[in-house]
Amino acid sequence: MARQPSQLEIIGGKSPRQRMWEAIKQRYAKGKTFTQADIEAAATVEASAIKDYFKVLVTAGFITVLDRVKLRNNCVRYTYELTKDNGVEAPRIDKKGNVVTEGTCNERMWGTMRRLFVGRDFNYRELAAFASTSANVCNEGNAKTYVLLLHRAGYLECTTPAKSGKAATPARFALIKKMNTGQRAPMIQRTKTVFDANLGKVMWQEPAGEQDE
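Quick notes on the rules
What you see as residue numbers is a count from 1 along each chain, following the sequence as written. Under the rules for a predicted model, residues below a pLDDT of 70 receive no local features and side-chain atom pairs below 80 are neither given nor counted, while totals for whole chains, interfaces and linings still include all residues. Side-chain numbers here rest on the full set of heavy atoms in the structure, without hydrogens or water. Secondary structure counts use DSSP, requiring at least four H or I residues in a row for a helix and at least two E residues in a row for a strand, with both numbered from the N terminus. The cut-offs for exposure are 20% and 50% of the maximum accessible area for each residue type, with area from a 1.4 Å probe on protein chains only; residues under the lower value are buried, those over the upper are exposed, and the others partly exposed. Contact criterion: two residues are considered in contact whenever any of their non-hydrogen atoms come within 4.5 Å of each other. At least two bridges found by DSSP between two strands is the condition for calling them paired. Among the buried residues, those of types Ala, Val, Leu, Ile, Met, Phe, Trp, Tyr and Cys that are joined through side-chain atoms within 4.5 Å form a nonpolar core. The rule is short: rings of Phe, Tyr and Trp, with Trp giving its six-membered ring, pair when the centres are within 6.5 Å, and they are stacked under 30 degrees, edge-to-face over 60, tilted in between. Any Lys NZ or Arg CZ found within 6 Å of a ring centre and within 35 degrees of that ring's normal is scored as a charge over the ring.

Asks: I keep staring at the environment of glutamine 183 and nothing clicks. Help me out?
Replies: Locating glutamine 183 in the fold gives a position in the loop between β5 (172-175) and β6 (187-188). Look at glutamine 183 and you get exposed, because its relative accessible area is 67%. Sequence separation of glutamine 183 and tryptophan 110 is 73 residues, and the distance between their C-alpha atoms is 8.2 Å. Leaving out residues up to four positions away in the same chain, glutamine 183 has contacts with Trp110, Arg114 and Asn198.

Take a look at the structure:
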């Protein structure tokens, strides 16, 4: 089955993994057991997504398999227990079961806007530089696109237009105070849709046929 756009997978501003984690935390606290079917019903998530997330949760040590029962249809029913609590946020784990401790570039850029550039303007180059780390450098091209789309979605105001020619300088922007909607970074979809997980809604979508500037 083709993967659904993120805004269709997100319910109430929460991703499938977040809903799965909350179901485990709220309904099956440490010491209580649960199955994949239990979480599928509680979190409203497809079985395939639960299977994939449970696999890496086990590898990373957040949940443990307590029992395996072979069913008549040759399927296996696993019983799990929560063994490591990650707090409110769902553990971020890659396909190999490694815990991801550093956010994506977009997440770091959004956090930089909310912390470092409060009441200050910036250009995409400055944003990329301040959001980069030694292990994860934010690409200036991606930063330019992220800033442009957040501007179109109404998060940023242009304080100084770009200048061309010999003294060319990029445009400068500032985060609009009322658009500081929360900790989760606005998400950019493949269709150039800006989705705000804090509000649980699409904030802007590129009109059909529109080309990048």
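On we go.
Asks: How do you make sense of the sheet that holds strand β2 (residues 63-70) when you look at a structure like this?
Replies: Working definition: the strands of a sheet are paired by backbone hydrogen bonds and lie parallel or antiparallel to each other. Spatially, β1-β3-β2 is the arrangement adopted by the three strands of the open sheet, whose pairing is antiparallel. Strands with a single pairing partner mark the edges of an open sheet, and in this sheet they are β1 (33-34) and β2. Where β1 meets strand β3 (residues 76-82), two bridges bridge the pair, whose relative direction is antiparallel. Among the inter-strand pairings, phenylalanine 34 is bridged to a residue of β3, identified as tyrosine 80.

Asks: Can you help me understand the nonpolar core in this one?
Replies: The tendency in soluble globular proteins is for nonpolar side chains to be buried as a group. Trp110, Met113, Phe122, Leu150, Tyr155 and Leu156 are the most contacted members of the largest nonpolar core, which totals 26 residues. Counting only elements with at least two residues in this core, the list comes to α5 (105-115), α6 (124-131), α7 (140-152) and β5. Those residues within four positions of tryptophan 110 in sequence are excluded, and the remaining contacts are Tyr146, Leu150, Tyr155, Leu175, Met179, Asn180, Thr181, Gly182, Gln183, Arg184, Ala185 and Pro186. In this structure, Phe34, Val45, Val56 and Ile93 belong to the second largest nonpolar core, which totals 21 residues.

Asks: Can you walk me through unusual backbone geometry in this structure?
Replies: Unusually for a residue other than glycine, threonine 44 sits at a positive phi of about 55°. Looking at the element boundaries, threonine 44 is found in the loop between α3 (36-43) and α4 (47-60). Here threonine 44 falls in the exposed class, since its relative accessible area comes to 56%. One non-glycine residue, asparagine 74, lies in positive phi territory at about 70°. Looking at where asparagine 74 falls in the secondary structure, it is placed in the loop between β2 and β3. Among the residues examined, asparagine 74 registers a relative accessible area of 59% and is labelled exposed.

Asks: I tried to follow the sheet that holds strand β8 (residues 201-205) on my own but got confused; where do I start?
Replies: Ordered by their spatial adjacency, three strands build an open sheet running β6-β7-β8, and the pairing between neighbours is antiparallel. Because the sheet does not close on itself, it has two edges, and the strands there are β6 and β8. Bridging between strand β7 (residues 193-196) and β8 involves four bridges; their strand directions are antiparallel. Bridge pairing in β8 links valine 194 to tryptophan 204.

Asks: Any chance you could explain the packing of aromatic side chains here in plain terms?
Replies: Aromatic rings considered in pairs are described by the distance between their centres and by the relative angle of their planes. This structure, assessed with the given rule, holds eight aromatic pairs. Here phenylalanine 34 and tyrosine 80 contribute two aromatic rings whose centre-to-centre distance is 6.0 Å and whose plane-to-plane angle is 20°, an arrangement assigned as stacked. With a gap of 46 residues between them, phenylalanine 34 in strand β1 and tyrosine 80 in strand β3 connect regions that are remote in the sequence. Between the aromatic rings of phenylalanine 54 and tyrosine 80, the centroid separation amounts to 4.9 Å while the plane-to-plane angle is 90°, which identifies the pairing as edge-to-face. One end of the pair, phenylalanine 54, is in helix α4; the other, tyrosine 80, is in strand β3, with 26 residues separating them in the sequence. Looking at tyrosine 80, the relative accessible area reads 4%, which means it is buried. Through pairs of rings, three or more aromatic residues link up here, namely Phe34, Phe54, Tyr78 and Tyr80. Geometry around phenylalanine 62 places lysine 84 over its ring, the cationic atom sitting 4.5 Å from the centre.

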